[in-house]
Amino acid sequence: MYELPDIRWIVDRAGAVDTIIAFANAIDAQDWQKLRSHLAGERDIDSSEF
């Protein structure tokens, strides 16, 4: 029988593959709105303490 970590790995991998395929399809179709939906929003980073 499969252990939970084995199943979790398969589910995580399938999610990553789905995201990459959707990203590539949006680029191929030049659907920039769909492409933006797969990207993270803008973030402000304070690098003054680095």
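Here, every reference points to the structure presented above.
Description of the structure in this document. These numbers were taken from a predicted model, which means no experiment stands behind them. (Residues numbered from 1 in each chain as written. Predicted model: local features only at pLDDT ≥ 70, side-chain atom pairs only at ≥ 80, totals over all residues. Heavy atoms only, no water.)

### What about a nonpolar patch on the surface?
Our working definition: Patch definition: residues above 30% relative accessible area lacking any salt bridge, with like charges linked at up to 9 Å and the nonpolar side chains Val, Leu, Ile, Met, Phe, Trp and Tyr linked at up to 5 Å. The accessible surface values rely on the Shrake-Rupley method and a 1.4 Å probe; as for residues, cover is taken only from the protein chains in view. By convention in these notes, a salt bridge is any Lys or Arg side-chain nitrogen within 4 Å of a carboxyl oxygen on Asp or Glu. Going along the chain from the N terminus, every DSSP run of H or I of four or more residues is numbered as a helix, and every run of E of two or more is numbered as a strand. Summary of the burial criterion: residues with accessible area below 20% of their type's maximum are buried, those above 50% are exposed, and those between are partly exposed, where the area comes from a 1.4 Å probe applied to protein chains only.
A contiguous nonpolar surface patch, about 290 Å² in accessible area, is contributed by Leu 4, Ile 7 and Val 11. Mapped onto the elements of the fold, Leu 4 is located in helix α1 (residues 4–28). Note on Leu 4: relative accessible area 65%, which makes it exposed.

### Quick notes on the pattern of salt bridges
Considering all chains together, one arrives at one salt bridge under this definition. For Asp 12, the salt bridge goes to Arg 8, with nearest N and O atoms at 3.0 Å. You can see Asp 12 and its partner Arg 8 sitting in helix α1, four residues apart, about one turn around the helix.

### Some details on the environment of Arg 13
Here Arg 13 shows up in helix α1. Taking the C-alpha atoms as reference points, Arg 13 and Trp 32, 19 residues apart in sequence, are found 25 Å from one another.

### Some thoughts on unusual backbone geometry
Even without being a glycine, Gln 30 presents a positive backbone phi close to 55 degrees. Positionally, Gln 30 belongs in the loop between α1 and α2 (32–37).

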